[in-house]
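Secondary and tertiary structure notes
As a plain string of letters, each chain reads:
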Amino acid sequence: MSPEPFAGPFAGAVVALVGAIFGSFANVCIHRLPRRLSVVRPGSHCPHCGAAVRWFDNLPVLSYLLLRGRCRSCGSRISPRYPLVEALSALLFLLLWWEIGWSRELPAYLALFEALLIISFIDLEHQIIPDVISLPGTLAGVLASLFLLPHGPLWAVFGGLVGGGVLYAVGVLGGVLLKQEAMGGGDIKLMAMVGAFLGWKIALLTIIFAAFLGSLTGGAMLLLLRHSRRTPIPFGPYLALGALLALLAGNTLLAWYFDLFLG
Ligand SMILES: [Zn+2]
């Protein structure tokens, strides 16, 4: 890594803190977007007693630990999802900053993966991927290609078409083979967003990684929990994790692949 103007453990701590604060906002989106509530108003409040959460009870991760996971007013349990999302967001910021460094791409990638984090937890809870994130997200990818990404808008549009299109084709094929809906429309729009930000190669790799991770855990759940094969398993979190792996390992893997077969 080249010498950075702002690097080292102190910079890392600041990046993680900013990530945790964005994670706090991600929690608001995860709770409110599927319920069609405003993410701006009102301020954070307890869903049980309605008491407003004061700023010193709203510190990422720390407040949850200090309050031992309970509302200060009524004592009802706060979901462990709150500190989990805040910690994951901090880790995500740290990981992407570590990998990419201070560059113009960094804010674009942070925005993409924060959106994927929000989508993953909404998909886990409600089995939906809200268009209100993925559609403006796809447009944001095309806009980012004009200012932040190393490639131009044609590359972003093509990436979006390949990402969404391949998943759509997989869904049609799966529907014919399994005689049930194999791929939700939300997953297709999610992949259009991923493709617009990361390009068609990383998008294809994302789908391969997600299918691999999904069949691994799907098989494990079938064995361990005797989970019915008909139980829908949300695919959004796998696509999100697949996109992260594809971005981090993708260029190395793709170079190796193209060397092997075309080199
Ligand atoms: Zn309460």
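Note that the structure is predicted; figures quoted are calculated from it, not measured. The residue count restarts for each chain, going from 1 along the sequence in the order it is written. Totals for whole chains, interfaces and linings use every residue, but because this is a predicted model, local features are given only for residues with pLDDT of at least 70 and side-chain atom pairs only at 80 or more, for both listing and counting. Remark: hydrogens and water are excluded; side-chain values derive from all non-hydrogen atoms of the structure.

1. Some words on the coordination of the zinc ion
Put simply, the ideal angle at a metal is 109.5 degrees for four donors in tetrahedral geometry and 90 or 180 degrees for six donors in octahedral geometry. Listed as protein donors to the zinc ion are Cys-46 (SG), Cys-49 (SG), Cys-71 (SG) and Cys-74 (SG); their distances from the metal cover 2.3 Å. Between the four donor atoms coordinating the zinc ion, the angles at the centre fall across 104 to 117 degrees, so the site counts as tetrahedral. A 2.8 Å cut-off from the metal defines N, O and S donors, relaxed to 3.2 Å for Na, K and Ca; water is not in the atom list, so some sites may appear incomplete. Counting the intervening residues between successive donors of the zinc ion yields the motif C-x2-C-x21-C-x2-C. In this pair, Cys-49 sits in the loop between helix H1 (8-32) and helix H2 (62-66) while Cys-71 sits in the loop between H2 and helix H3 (81-100), placing the two residues 22 residues apart along the sequence. Note on geometry labels: four donors, all angles 85 to 135 degrees, give tetrahedral; four donors become square planar and six octahedral when opposite donors are over 155 degrees apart and every other angle is between 65 and 115; remaining cases are irregular. A run of H or I in DSSP becomes a helix once it reaches four residues, and a run of E becomes a strand once it reaches two; helices and strands are each numbered from the N terminus.

2. Things to note about the side chain of Glu-114
Note that Glu-114 resides in helix H4 (residues 105-126). Buried and without a salt bridge, Glu-114 has Arg-81 as its closest oppositely charged side chain, separated by 11 Å. Definition of a polar contact: a pair of N or O atoms within 3.5 Å, with one able to donate and the other able to accept a hydrogen when the atoms are protein atoms, and with sequence-neighbouring residues admitted only if both atoms are side-chain atoms. One polar contact links Glu-114 to Ser-89, side chain to side chain, over a distance of 3.0 Å. Setting aside chain neighbours within four positions, we find Glu-114 in contact with Phe-22, Gly-23, Ala-26, Ser-89, Leu-92 and Phe-93. Categorising residues by exposure relies on relative accessible area from a 1.4 Å probe, with only protein chains included: less than 20% of the type maximum marks a residue as buried, more than 50% marks it as exposed, and the intermediate range marks it as partly exposed. We count Lys and Arg on the positive side and Asp and Glu on the negative side, and we leave His and both chain ends out. Salt bridges are identified by distance alone: a Lys or Arg side-chain nitrogen within 4 Å of an Asp or Glu carboxyl oxygen. Residue contacts follow a heavy-atom distance rule, with two residues in contact if any of their heavy atoms lie within 4.5 Å.

3. Remarks on the pattern of salt bridges
Enumeration according to the criterion identifies four salt bridges in this entry. Put simply, Arg-35 and Glu-125 hold a salt bridge, and the shortest N to O gap is 3.4 Å. Remark: Glu-125 occurs in helix H4 and Arg-35 occurs in the loop between H1 and H2; sequence separation between them is 90 residues. Across the pair Arg-81 and Glu-125 runs a salt bridge whose closest N-O atoms are separated by 3.5 Å. Of this pair, Arg-81 sits in helix H3 while Glu-125 is found in helix H4, placing the two residues 44 residues apart along the sequence. You can call Arg-81 buried: its relative accessible area is 14%.

4. Focus on the nonpolar core
Put simply, a nonpolar core is a bunch of buried Ala, Val, Leu, Ile, Met, Phe, Trp, Tyr and Cys residues held in one set by side-chain atoms that sit within 4.5 Å of each other. If you look at the biggest cluster of nonpolar residues, it comprises 52 residues, and the most contacted ones within it are Leu-96, Phe-113, Leu-116, Leu-167, Leu-190, Met-191 and Leu-198. Elements with a minimum of two residues in this core: H1, H3, H4, helix H5 (131-147), helix H7 (185-224) and helix H8 (236-262). The greatest single-element share of this core, amounting to 14 residues, is contributed by H7. Every residue in contact with Leu-198, bar those within four places of it in the chain, is listed here: Tyr-109, Leu-112, Phe-113, Trp-155, Ala-243 and Leu-247.

5. Considerations on H3
What a helix should span is 1.5 Å times the count of its residues minus one. Here H3 spans 28 Å end to end across 20 residues, near enough to the 28 Å set by a 1.5 Å rise per residue. When H3 is considered as a whole, its buried residues turn out to be Arg-81, Pro-83, Val-85, Glu-86, Ser-89, Ala-90, Leu-92, Phe-93, Leu-96 and Trp-97. Just beyond H3, the residue with positive phi is Gly-101, at close to 75 degrees.

6. Let's talk about the domain arrangement of the chain
The domains assigned to the chain are domain 1 (1-102) and domain 2 (104-263). The start and end points of each domain follow an automatic or database-based domain assignment. For domain 1 versus domain 2, the separation of C-alpha centres amounts to 24 Å. Each partner contributes to the interface: domain 1 provides 22 residues, whereas domain 2 provides 17 residues. Approximately 1800 Å² of surface area, both sides summed, lies buried where domain 1 meets domain 2, with 84% of it carried by carbon and sulfur atoms. At the junction of domain 1 and domain 2, the tally comes to three residue pairs in polar contact (both at pLDDT 80 or more). At the level of elements, H1 and H3 are the ones that each hand at least two residues to the side of domain 1 that touches domain 2. It is H3 that contributes the most residues to the side of domain 1 that touches domain 2, twelve residues altogether. Summed over both partners, the accessible area lost on bringing two parts together, with a 1.4 Å probe, is the buried area.

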